[in-house]
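Here is what each chain is made of, one letter per residue.
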Amino acid sequence: MKTEKKGLTIAIDGPSGAGKSTAGRTLAKRLGYTYIDTGAMYRAVALKVKEKGIELKDESALYQMASSLHITFVPMGEEIHIYCNGEDISEAIRLPEISHLASEVSKKKGVREALVEIQREMAKEGSAVLEGRDIGTVVFPEAEVKFYLDADPEERAKRRFQELMARGIQIDFQKTLEEVLQRDHNDMHRAISPLKRAENSILIDSTHRSVEEVVEEMLKKVEEKRR
Ligand code: DC
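Residues numbered from 1 in each chain as written. Predicted model: local features only at pLDDT ≥ 70, side-chain atom pairs only at ≥ 80, totals over all residues. Heavy atoms only, no water.

1. Quick look at the overall build of the protein
Put simply, the rule reads: Numbering of helices and strands runs from the N terminus; a helix is a DSSP stretch of H or I covering at least four residues, while a strand is a stretch of E covering at least two. Between the two quantities, the radius of gyration covers C-alpha atoms and the globule rule is 2.2 Å times the number of residues to the power 0.38. For the exposure calls, accessible area comes from a 1.4 Å probe over protein chains only, and a residue counts as buried if that area is under 20% of its type's maximum, exposed if over 50%, partly exposed in between. In this analysis, two residues are considered to be in contact whenever any of their non-hydrogen atoms come within 4.5 Å of each other. Here the open area of atoms and residues is found with the Shrake-Rupley method and a 1.4 Å probe, where only the protein chains shown may cover a residue. Positive: Lys, Arg. Negative: Asp, Glu. His and the chain ends are not part of the count. Charge coordinates come from a single atom per side chain, which is NZ of Lys, CZ of Arg, CG of Asp or CD of Glu.
Secondary structure summary: the protein contains 9 helices and 8 strands in total. What you see for the protein is a C-alpha radius of gyration of 17 Å, in line with the 17 Å of a compact globule of 227 residues. Oriented by its inertia axes, the alpha-carbon framework of the protein measures out at about 50 × 45 × 35 Å. For the protein, with 227 residues in total, the buried portion stands at 48%. In the protein, the share of contacts with a sequence separation of at least 24, taken over all contacts with a separation of at least 6, comes to 74%. Taken as a whole, the protein presents about 11,500 Å² of accessible surface, with 51% of it coming from carbon and sulfur. Considering the protein, the positive charge centre built from 37 side chains and the negative charge centre built from 40 side chains are found 2 Å apart.

The following block contains the structure:
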């Protein structure tokens, strides 16, 4: 039986550091919608790959592990914590080593199949904001509202650098910029579900705009759809 949808499905795609998480979280809160950070799910898989020592070439082990993960997003004040099989992994998945590994595991067919299935199940009732790389193109091509959030690479690296510094992780800016460019390249050129703009997506450039301005523009577009 098809699940009755309650509200809209909103997709936010774009490269890392474009501000998808902050904007997505705020947008979901303002609308009273569920927020699903799919990048955090790829990061959770990366963390488990590392902990369990799973070989990246072992597609079947990757699929089995990824499809068995129980992932939940729990709002805590202004933040949303991510739990994986009952453990709070919010901090662990942000380490640079896990960012790199997440980009690697996200190339794997088994991982993508498992996570896309979980994401569709999590948002089947609608009233959801999902952010990632392939939401408007693959996970929910029928989403009623699709945003593509972008920003200049230098600005994205600056935000990432500040975020890492705030977490007490020492890293130099040039290295952060190189990592951002490397991940853009990986995400846009992988064989399966590469990052690209969905044809009917709304492009928002956040380079010179605050989160509030971005969210206001998003809300305006969502309201237009709801009319
Ligand atoms: O958004 P993020 O930086 O937390 O994402 C981590 C990695 O996961 C990133 O390299 C791209 C990948 N990813 C993906 O392939 N598909 C998604 N829907 C979300 C993230």
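2. A look at the sheet that holds strand β4 (residues 79–84)
Note the following rule: Only when DSSP finds a minimum of two bridges between them are two strands counted as paired.
What the 3 strands build is an open sheet, ordered β3-β4-β5; its pairing is antiparallel. With one partner strand each, in any of the chains shown, β3 (71–76) and β5 (87–88) form the two edges of the open sheet. Bridge count between β4 and β5: 2 bridges; the pairing is antiparallel. Looking at the pairing, Y83 lines up with D88 of β5.

3. A look at the pattern of salt bridges
Rule in force here: Salt bridges, as used here, are contacts in which a Lys or Arg side-chain nitrogen is within 4 Å of a carboxyl oxygen on Asp or Glu.
Taken as a whole, this structure holds 23 salt bridges when the rule is applied. A salt bridge links R160 to E163, with the nearest nitrogen and oxygen atoms 3.4 Å apart. Here E163 and R160 lie together in helix α7 (residues 153–166), a separation of 3 residues that amounts to about one turn. Of the residues examined, R160 reaches a relative accessible area of 11% and is grouped as buried.

4. Things to note about the layout of surface pockets
This is how it is decided: Method remark: on a 1 Å grid restricted to protein atoms, a set of points is classed as a cavity if a 1.4 Å probe fits but cannot get out and as a pocket if it is open with protein on both sides within 12 Å along at least five of seven lines; lining residues have an atom within 4 Å of a point. Grid points are joined across faces, edges and corners, and a volume is the space filled by probe spheres set on the points. Classification convention: Asp, Glu, Lys, Arg as charged; Ala, Val, Leu, Ile, Met, Phe, Trp, Tyr, Cys, Pro as nonpolar; all other residues, Gly among them, as polar.
What the largest pocket holds in volume is close to 1,000 Å³. Surrounding the largest pocket, 39 residues form its lining, S21, D37, R94, E131 and E163 being those nearest its centre. Elements supplying a minimum of two residues to the lining of the largest pocket: α1 (20–31), β2 (34–37), α2 (38–52), β4, α4 (96–105), β6 (128–132), α7 and α8 (173–189). Here the element with the most residues in the lining of the largest pocket is α2; it accounts for 5 residues. Looking at the lining of the largest pocket residue by residue, the classes come out as 9 nonpolar, 12 polar and 18 charged. Lining the second largest pocket we find 15 residues, and of these R25, T26, K29, E78 and I80 sit closest to its centre. At the level of secondary structure, the elements contributing two or more residues to the lining of the second largest pocket comprise α1, β2, β4 and α9 (211–226). In terms of residue count, α1 provides more of the lining of the second largest pocket than any other element does, 5 residues in total. When its residues are assigned to classes, the lining of the second largest pocket shows 6 nonpolar, 4 polar and 5 charged.

Function cannot be inferred from these measures alone, as they are strictly geometric.
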